[in-house]
Amino acid sequence: MARNVNYRTGIYGANVTGRDKPLAPASLGGLGLRAHHLRKLIRKHFPPETDAAILDLGCGHGALLHFARTEGYTNIRGADGSPEQLEAAGALGIEGVEQVDVMEALAKLPDKSLDCVVSFDLIEHFNRNELLALVDEVHRILRPEGRWIIHTPNAESPFGMRMLYWDFTHEIAFTRTSIAQLLLSSGFSDVDCFEDTPVPHGARSLARWVIWKCLRVFLRLYLAAETGNVDRNAVLSQNLLAVALK
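Just so we're clear, the structure is a prediction, and the values are computed from it rather than from any experiment.

Novice: Explain the overall build of the protein chain to me, and be specific about the residues and the numbers.
Specialist: Check the secondary structure of the protein chain and you find nine helices and seven strands. Expected size for 246 residues packed as a compact globule is a radius of gyration near 18 Å; at 18 Å, the protein chain falls within 12% of this value. Summarising its shape, the C-alpha atoms of the protein chain cover approximately 50 × 45 × 40 Å along the three principal directions. The buried share of the protein chain, taken over its 246 residues, is 46%. Sequence separation of 24 or more characterises 72% of the internal contacts of the protein chain that already satisfy a separation of 6 or more. As displayed, the protein chain offers around 13,100 Å² of accessible surface, 55% of which is attributable to carbon and sulfur atoms.

Novice: Please give an account of the packing of helix α2 (residues 32-45) against helix α3 (residues 63-70) that cites residues and values.
Specialist: Running from N to C, α2 and α3 cross one another at 65°; their axes reach a closest spacing of 10 Å. By crossing handedness, the relation of α2 to α3 is classed as right-handed. Where α2 abuts α3, its residues R34, A35, L38, R39, L41 and I42 lie against A63, L64, F67, A68 and T70.

Novice: Report on the pattern of salt bridges, specifying residues and quantitative values.
Specialist: Tallied over the entire structure, the rule returns nine salt bridges. E137 is the partner of R140 in a salt bridge, and the nearest nitrogen-oxygen pair spans 2.9 Å. Of this pair, R140 and E137 both sit in helix α6 (residues 128-141), three residues apart, which is roughly one turn of that helix. By relative accessible area, which is 22% here, R140 ends up partly exposed. For D231, the salt bridge identified is with R176, shortest N-O distance 2.2 Å. Here R176 lies in helix α8 (residues 176-184) and D231 lies in the loop between α9 (203-227) and β7 (239-245), a separation of 55 residues in the sequence. There is no split in this pair, since D231 and R176 are both buried. A network of salt bridges, in which partner residues are shared, links R39, R43 and E71.

Novice: Describe in detail unusual backbone geometry, supporting the description with residues and values.
Specialist: Non-glycine residue K112 carries a positive phi angle of around 50°. By the secondary structure assignment, K112 is in the loop between α5 (102-107) and β4 (114-120). The backbone phi angle of E145 is positive, close to 70°, even though this residue is not glycine. Summarising the element assignment, E145 is placed in strand β5 (residues 142-153).

Cut-offs and rules
- Within each chain, residues carry numbers counting from 1 in the order of the written sequence.
- Reporting in this predicted model follows two pLDDT cut-offs: at least 70 for local features of residues, and 80 or more for side-chain atom pairs to be given and counted; totals over whole chains, interfaces and linings ignore these cut-offs and use all residues.
- The side-chain quantities take in all heavy atoms of the structure and omit both hydrogens and water.
- Helix and strand labels come from DSSP, where a helix needs a run of H or I of at least four residues and a strand needs a run of E of at least two; each type is numbered from the N terminus.
- Each radius of gyration reported is based on C-alpha atoms, and the globular scaling rule is 2.2 Å times the count of residues to the power 0.38.
- A simple rule labels every residue: compare its accessible area, found with a 1.4 Å probe on the protein chains alone, to the largest value its type can have, and call it buried under 20%, exposed over 50%, or partly exposed in between.
- Residues count as neighbours in contact if any of their non-hydrogen atoms are within 4.5 Å of one another.
- Only the protein chains shown count as cover for residues, and all accessible areas are computed by the Shrake-Rupley method using a 1.4 Å probe.
- Only C-alpha atoms enter the line fits that serve as axes; for helices the fit covers just the stretch in contact. Angles between N-to-C directions range over 0 to 180 degrees.
- A crossing counts as left-handed when the near helix is turned anticlockwise from the far one by less than a right angle, and as right-handed when that turn is clockwise.
- Whenever Lys or Arg places a side-chain nitrogen within 4 Å of a carboxyl oxygen from Asp or Glu, that contact is recorded as a salt bridge.

Geometry only, nothing functional implied.
Rendered as C-alpha cells:
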C-alpha cells in the first residue's frame, strides 16, 4: 500500500537507520573520522570567545557539539527535527540537543540573541521559498557582527551533483556566487566561501591533500581553457563552506 505522507516526514523518520550505512556511530570513538575536519572548522571559523552563544541548527546526532565542547565552547546547543538523531545523540552521551523543527527553533529565539549559527548540511534540504524564510530568521536572531557558518553541496565542483543527489531530500546546491547572492541580498554584510579539502594529520591524509592540490591545478586549467579566466579563488571541492557576517 502506498504511503500517503509528506516525503520529508517519511525519510526523516528514519534519518539514521534508513541508509545503507547508519548515519550515527555506535560510540564516541566512531566520531574520530570527522574529528580533524570539525576541529579545523571550529578553530578557524567559530567566534574567538568560548562563551559565545552558538546554535547548531540541524545538528544531527551532535558531532559538532561534542568537538566544540572539547575545544572549550561552553554555550553551544543544537536543534534537529529527526527523532532518530535525538536518540543517537542520547546514546552517545551528547547533551544539549533538542528535537524540534529548525524553523520552530528559530521562531522561539529573541531578536539579536546569538553570536553564531552553524548549519552543517542543512540548507540544501529547503526549496527556494523556504530558504528565504530561513535566511531571514537566522539574520533576525544574530547579533550585529554575528556569523552564520554554512556547509552545503557545491554545484561548482565537477562532482557537485554527487552531493546534491547523495540524499533523497536534497532540493538545491550552490556555487559561491549563488550563495553570496542569497545571503547578501538578505541583509548579510559579507560572505566568504572556502573549499572543503582534506585536513592533513598523518601520512595518508597528507597524501590525499597533496593529490587534491595537484588535481585542483588541472581543474583550474580546464576552466581557464573554456572561459579564458584563471580563477584563483575557484571553489572546486564537492562541498563548500560559507561564512556570512551580519
